[in-house]
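Coordinate inspection notes
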Amino acid sequence: MGVHGVKAVFFDLDNTLVDTAAAGRRAIEEVISALQSKHHYGEGEARIICDKVQAKLLKECHDPAKMCITDLRISHWEEAIQETIGGEVNRNLAAECYFLWKTTRLQNLTLAEDTRGMLTELRKGVRLLLLTNGDKQTQREKIEACACQPYFDAIVVGGEQKEEKPAPSIFHYCCDLLGVQPAECVMVGDSLDTDIQGGLNAGLKATVWLNKAMTTPVDTSPVPHYIISSVLDLPAVLQKMEHKINAKLGTDHMGSSNE
């Protein structure tokens, strides 16, 4: 990127650089299989338990000052089993399910070879930062599992900061870390609510929405500057931005020469 262009790119982690949703689905199937083969639950019951856990994860409110993420998530499984089967609370089975789900999910989190290649190439011209929301322990474990640290100049986890995306403060903290201005940065992510809205709130140069399904967002959604269906399309977007800047600089230069 040229002097007048983009100096840094911020990437979201989950479902942007790594397919956390797919890893989660594989983890759930592993738990369903274990509940059936080892604990003799019917498939229907096992699926209901897992559906309930996934609903609890979506609504999860975690205060690390009050409870560690491990205890909270074991309690999700505990409640789901009791709500489905009734009877006594089975903490041991809940813990077994949680650790099987967690381990399987982490084992299936990978940074694809072509994504690694793209990041390596991009980093020759711009600084790269990983910006992910979520619990400190959970996100650090994912980062470790997919071995993405070597591709970034800095990694920022929302759970370690005062505020998470879409708050402008976390984006400005990222800018300070890299020694760049918001107007020199691009945010890439799959969430309109956190990644795109956050990038807009912080006054970044551009936001790039990863919309794998190419679905049409509702009218009230924040409007990203660019939309891509694969993270591998990003270099072409950055090139397009650079051409626009260079064209504008050319026009401005001509204008000033004519005066």
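This structure is a prediction, so every number in the text was calculated from the model and none was measured.

So, about the domain arrangement of the protein chain. Domain annotation for the protein chain reports domain 1 (8-19 + 110-254) and domain 2 (21-108). The gap between the C-alpha centroids of domain 1 and domain 2 is 31 Å. Taken together, the contacts link nine residues of domain 1 with 11 residues of domain 2. Remark: the boundary between domain 1 and domain 2 carries one salt bridge. Taking the shortest distance from any N to any O, the salt bridge between Lys 102 and Glu 141 comes out at 3.0 Å. Where domain 1 meets domain 2, there are seven residue pairs in polar contact (both at pLDDT 80 or more). Split into classes, the residues belonging to the side of domain 1 that touches domain 2 amount to one nonpolar, four polar and four charged.

Before going further, it helps to spend a moment on the nonpolar core. Formed by 34 residues in total, the largest nonpolar core has its most connected members in Val 9, Phe 11, Leu 119, Leu 130, Phe 152 and Leu 234. For this core, the elements supplying multiple residues, two or more each, are strand 1 (8-11), helix 5 (113-122), strand 2 (127-132), strand 3 (154-157), strand 4 (185-189), strand 5 (206-210), strand 6 (226-228) and helix 9 (234-258). Broken down by element, the residue count for this core peaks at four residues, all from helix 9. Ala 27, Val 31, Ile 49 and Ala 94 belong to the second largest nonpolar core, which has 20 residues in total.

Taken in spatial order, the six strands of this open sheet run 3-2-1-4-5-6, and their pairing is parallel. With one partner strand each, in any of the chains shown, strand 3 and strand 6 form the two edges of the open sheet. Adjacent strand axes in the sheet meet at a mean angle of 20° when their direction is disregarded. Looking at chain direction, strand 1 and strand 2 are connected through four bridges and run parallel. Bridged to Phe 11 within strand 2 is Leu 130.

Taking 1.5 Å of rise per residue, 17 residues should cover 24 Å, and helix 4 (residues 91-107) covers 24 Å from first to last C-alpha, within 8% of that figure. Where helix 4 is concerned, the buried positions are Leu 93, Ala 94, Ala 95, Cys 97, Tyr 98, Trp 101, Lys 102, Thr 104 and Arg 105. Along its buried surface, helix 4 packs onto helix 1 (20-37), helix 2 (43-58), helix 3 (69-85) and helix 6 (136-145).

The next thing to look at is the pairing of strand 1. Along any regular strand the residues' side chains alternate between the sheet's two faces. Where burial is concerned, the two faces of strand 1 agree: the one with Ala 8 and Phe 10 and the one with Val 9 and Phe 11 are both buried. Examined bridge by bridge, strand 1 and strand 4 share four bridges and lie parallel to one another. Residue Ala 8 lies in a different strand from strand 4, and its bridge partner there is Cys 185.

With that out of the way, let us pick up the environment of Trp 77. Within the secondary structure, Trp 77 is located in helix 3. Of the residues examined, Trp 77 reaches a relative accessible area of 1% and is grouped as buried. Taking C-alpha positions, Trp 77 is 49 Å from Gly 5, a pair spaced 72 residues apart along the chain. Excluding residues that lie within four positions of it along the chain, Trp 77 makes contacts with Ile 28, Val 31, Ile 49, Cys 50, Val 53, Ala 94, Cys 97, Tyr 98 and Trp 101.

In this section: the pattern of salt bridges. As enumerated under the stated definition, the model contains 18 salt bridges in all. Residue Lys 56 is joined to Glu 79 by a salt bridge in which the shortest nitrogen-to-oxygen separation is 3.2 Å. Of the two residues, Lys 56 sits in helix 2 while Glu 79 sits in helix 3, which places them 23 residues apart along the sequence. Judged by relative accessible area, which is 37%, Glu 79 ranks as partly exposed. Of the charged contacts, one joins Lys 165 and Asp 195 as a salt bridge, the two residues approaching to 2.7 Å between their closest N and O atoms. Taken as a pair, Lys 165 in the loop between strand 3 and helix 7 (168-178) and Asp 195 in helix 8 (residues 192-201) lie far apart in primary sequence, 30 residues in all. By the burial criterion, Lys 165 is buried, and Asp 195 matches it.

Attention now moves to the environment of Asp 153. Looking at where Asp 153 falls in the secondary structure, it is placed in the loop between helix 6 and strand 3. Each C-alpha atom of the pair Asp 153 and Ile 74 lies 34 Å from the other, and the pair is 79 residues apart in sequence. If near-sequence neighbours (up to four positions away) are discounted, Asp 153 is found in contact with Arg 123, Val 126, Arg 127, Leu 128 and Leu 178.

Procedures and definitions
Residues numbered from 1 in each chain as written. Predicted model: local features only at pLDDT ≥ 70, side-chain atom pairs only at ≥ 80, totals over all residues. Heavy atoms only, no water. Domains from an automatic or database assignment. Contact = heavy atoms within 4.5 Å. Salt bridge = Lys/Arg side-chain N within 4 Å of Asp/Glu carboxyl O. Polar contact = N/O pair within 3.5 Å; in protein donor to acceptor, adjacent residues only side chain to side chain. Nonpolar A, V, L, I, M, F, W, Y, C, P; charged D, E, K, R; others polar. Core = buried A, V, L, I, M, F, W, Y, C linked by side-chain atoms within 4.5 Å. Buried < 20%, exposed > 50% of the residue type's maximum accessible area, 1.4 Å probe, protein only. Helix = DSSP H or I, 4+ residues; strand = E, 2+ residues; numbered from the N terminus. Pairing = 2+ DSSP bridges. Axes fitted to C-alpha atoms, helices over the stretch in contact; angles between N-to-C directions. Expected span 1.5 Å × (residues − 1).

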